[in-house]
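Listed below, chain by chain, are the residues.
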Amino acid sequence: MKEQWRLLQTGSGTAFTNMAVDQAVLVVNSQGKVPPTVRFYGWAPPAISIGYFQSLVDEVDIGACERLGVNYVRRITGGGAVFHENELTYSIVVPESHPEVPKNILKSYARICGAVMKGLRQLGVESEYAPINDIISNGQKISGNAQTRKVETVLQHGTVLMDVDVDKMFSLLKVPNEKIKDKLIADVKQRVTSIRNILGKEIRFKEVAEAMKMGFEREFRIELIEGKLSKEEMALAKKFEKECFSIKDWNYRR
Amino acid sequence: MRFQSTYKVPQGKLLKISIEFDEKNNVIRDIRITGDFFAYPEEAIELMEKKLRNTVMEKERLQETISSIITQYHIQFIGLNAEGLTQGILMCKP
């Protein structure tokens, strides 16, 4: 019999709730109170997340975000700034001791990205892992991923781009040199793609979620059982949202 | 005075460093290490910043200090390493 993990489909949330829920699941899973968990979610309103080590004011045009109603949040994971709009975001939380998760961090990135790649294949999108933390299709980025390990537990979250608006993205992110902004945008347009670009048609969140569910099940030889956040996770998520992710001190700390 | 550098670590990530530099004594007074790299545990970067205060701005000294902090606190970098960090810091020098 296959091991059963929990699947959470939490729909679209604010940047602050989204990051708080990932951390709450990490903490409660580390206490052995909930099974390993895969979660799919979206972002409403659209948002920018920045890596733990990034400077918010260096990376994000705060004024543009306010004008366009885009949230911004610092992640607990490293990596770069991401504009989240038309995408499926996954997170996976699993004990470091789990036999299916490589102890080596880079190897574990590759393994978890393997689940996303199997999901993409299900949709007819061929892709490959591009170390350190990207998945590419036809040489263009279609997924970015970031992992942390805390209290002997792995949390990795990542994006699966359903559609991408590079111009909008760059109206929200700061560029090091305004003079070459146009060239930079042109370069990024060459380097980023989406499921829509590859398949030439719109795709629904639900279809992507179905495919990703299968991808994770096959990669980790598990069965995903749809479940809910526990009461404790919900309470903890509220606390993290209120005391950390929605707070200036956290988001501006670097 | 405050000085900054942006350095793409070879085969790694983009490192952005800002330093409060005491030019007279060639010493780092304060440092902020930012960028899109990964470090485990994440909190180690704040520790690294603290430990680098009052370090002489000199290649061997910097690399030695950084390497010993990495070893002592079991820090794992991805997309960054002691050489890259040293280089980024030195590039702040006016």
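Remember, predicted model here, so these are calculated numbers, not experimental data.

**Student:** Can you walk me through the overall build of chain B in this structure?
**Tutor:** Helix and strand content of chain B: three helices and five strands. Taken from N to C terminus, the helices and strands of chain B fall in the order β-β-β-β-α-α-β-α. Its C-alpha atoms give chain B a radius of gyration of 12 Å, within 12% of the compact-globule value 12 Å for 94 residues. For chain B, the spread of C-alpha atoms along the three principal axes comes to 35 × 25 × 20 Å. When the 94 residues of chain B are sorted by exposure, 32% land in the buried category. Partitioning the intrachain contacts of chain B with sequence separation of at least 6 by distance along the chain shows that 51% fall at a separation of at least 24.

**Student:** What is the right way to read the interface of chain A and chain B from this model?
**Tutor:** In many reports, interface size means the accessible area that the parts give up when they come together. Facing the 17 residues of chain A at the interface are 15 residues of chain B. Taken together, the elements giving at least two residues each to the side of chain A that touches chain B come down to helix 4 (105-122) and strand 9 (140-150) of chain A. Per-class residue counts for the side of chain A that touches chain B are seven nonpolar, seven polar and three charged.

**Student:** Is there a simple way to think about the nonpolar core in this case?
**Tutor:** Most often, soluble globular proteins have nonpolar side chains that are buried together. Residue and element names in this part refer to chain A. Grouped together as the largest cluster of nonpolar side chains are 91 residues, with contacts concentrated most on A24, I48, V60, Y72, V116 and M212. For this core, the element with the most residues is helix 1 (residues 15-30), which contributes 10 residues. In this structure V60 touches I48, I50, C65, Y72, A81, L172, L173 and K174, once residues within four positions along its chain are discounted.

**Student:** Quick question: what am I supposed to make of the confidence of the model for chain B here?
**Tutor:** Detailed reading of predicted coordinates is not advised where the pLDDT is low. Chain-level pLDDT for chain B is 95 on average; 100% of the residues reach the 70-or-more range. Taken over the whole predicted complex, pTM reads 0.96, whereas the ipTM for its chain interfaces reads 0.96.

**Student:** In this structure, what is going on with the sheet that holds strand 6 (residues 87-95) of chain A? I would like to understand it.
**Tutor:** Hydrogen bonds along the backbone pair up the strands of a sheet, which may run parallel or antiparallel. All names here are of chain A. The strand order across the open sheet built from eight strands is 7-8-9-10-6-2-1-11, with neighbouring strands paired in mixed fashion. If you trace the sheet from one side to the other, it starts and ends with strand 7 (128-130) and strand 11 (222-226), each paired once. Put simply, the sheet's adjacent strands are angled 25 degrees from each other on average, direction ignored. In terms of strand pairing, strand 1 (residues 3-13) meets strand 2 (residues 37-43) through seven bridges, oriented parallel. When the bridges of strand 2 are listed, R6 appears paired with T37. On top of the sheet, helix 8 (residues 205-220) reaches strand 1, strand 2, strand 6, strand 10 (153-161) and strand 11; it is set at about 140 degrees to strand 11, its chief contact.

**Student:** Sorry if this is basic, but what is going on with the sheet that holds strand 3 (residues 47-50) of chain A here?
**Tutor:** Residue and element names in this part refer to chain A. Read across the open sheet, the three strands follow the order 4-3-5; overall the sheet is mixed. The sheet terminates laterally at strand 4 (71-74) and strand 5 (82-84), the two strands that pair on one side only. In this sheet, neighbouring strand axes are inclined to one another by 25 degrees on average, regardless of whether the strands run parallel or antiparallel. With three bridges connecting them, strand 3 and strand 5 associate as antiparallel partners. In the strand pairing of strand 5, I48 is matched with F83. Strand contacts of helix 1: strand 3 and strand 4, with the helix running at about 25 degrees to strand 4, the strand carrying the most contacts.

**Student:** Would you explain the environment of V101(A) in this entry?
**Tutor:** All names here are of chain A. Relative to the assigned elements, V101 resides in the loop between strand 6 and helix 4. Between the alpha carbons of V101 and I76 there is a distance of 20 Å; along the sequence they are 25 residues apart. If we skip the residues at most four places from it in the chain, V101 touches V94, E96, S108, R111 and V154.

**Student:** How should the pairing of strand 1 of chain A be read in this particular structure?
**Tutor:** Every other side chain in a regular strand lies on the same face of the sheet, so the side chains alternate between the two faces. Residues and elements named next belong to chain A. Strand direction decides the pairing type here: strand 1 and strand 11, joined by five bridges, are parallel. Along strand 11, the bridge assignment pairs E3 with I222. Following the chain from strand 1 across helix 1 to the adjacent parallel strand 2, one finds a crossover that is right-handed.

**Student:** What is the right way to look at the pairing of strand 8 (residues 134-137) of chain A in this model?
**Tutor:** Residues and elements named next belong to chain A. Inspection of the sheet shows strand 7 paired to strand 8 by three bridges, in the antiparallel sense. The residue of strand 8 that forms the bridge with A130 is D134. Between strand 7 and the antiparallel strand that follows it, strand 8, lie three residues. Counting the residues in the hairpin turn of strand 8 and strand 9 gives two residues, including N138, whose phi is positive at 50 degrees.

**Student:** Help me understand the packing of helix 1 of chain A against helix 9 (residues 231-245) of chain A, please; the structure alone is not making it clear to me.
**Tutor:** Residues and elements named next belong to chain A. Between helix 1 and helix 9, the least distance of the axes is 8 Å, while the angle of their chain directions is 130 degrees. It follows from the interaxial angle that helix 1 and helix 9 lie oblique. In terms of crossing hand, the pair formed by helix 1 and helix 9 is right-handed. Only E232, E233, L236, A237, F240, E241 and F245 of helix 9 make contact with helix 1, whose side of the interface consists of F16, T17, M19, A20, V21, Q23, A24, V25, V27 and V28. Looking at side-chain class alone, the contact of helix 1 with helix 9 contains 12 nonpolar, two polar and three charged residues.

About the cut-offs
- Residues numbered from 1 in each chain as written.
- Chains lettered and ligands numbered in written order.
- Predicted model: local features only at pLDDT ≥ 70, side-chain atom pairs only at ≥ 80, totals over all residues.
- Helix = DSSP H or I, 4+ residues; strand = E, 2+ residues; numbered from the N terminus.
- Rg over C-alpha atoms; globule rule 2.2 N^0.38 Å.
- Buried ≥ 20, exposed ≤ 12 C-beta atoms within 10 Å, placed from the backbone.
- Contact = placed C-beta atoms within 7 Å.
- Nonpolar A, V, L, I, M, F, W, Y, C, P; charged D, E, K, R; others polar.
- Core = buried A, V, L, I, M, F, W, Y, C linked by C-beta atoms within 7 Å.
- pLDDT = per-residue confidence, 0-100.
- Pairing = 2+ DSSP bridges.
- Axes fitted to C-alpha atoms, helices over the stretch in contact; angles between N-to-C directions.
- Right-handed = clockwise from strand over helix to strand, strands pointing away.
- Parallel < 35°, antiparallel > 145°, perpendicular 65-115°, else oblique.
- Left-handed = near helix turned anticlockwise from the far one by under 90°.

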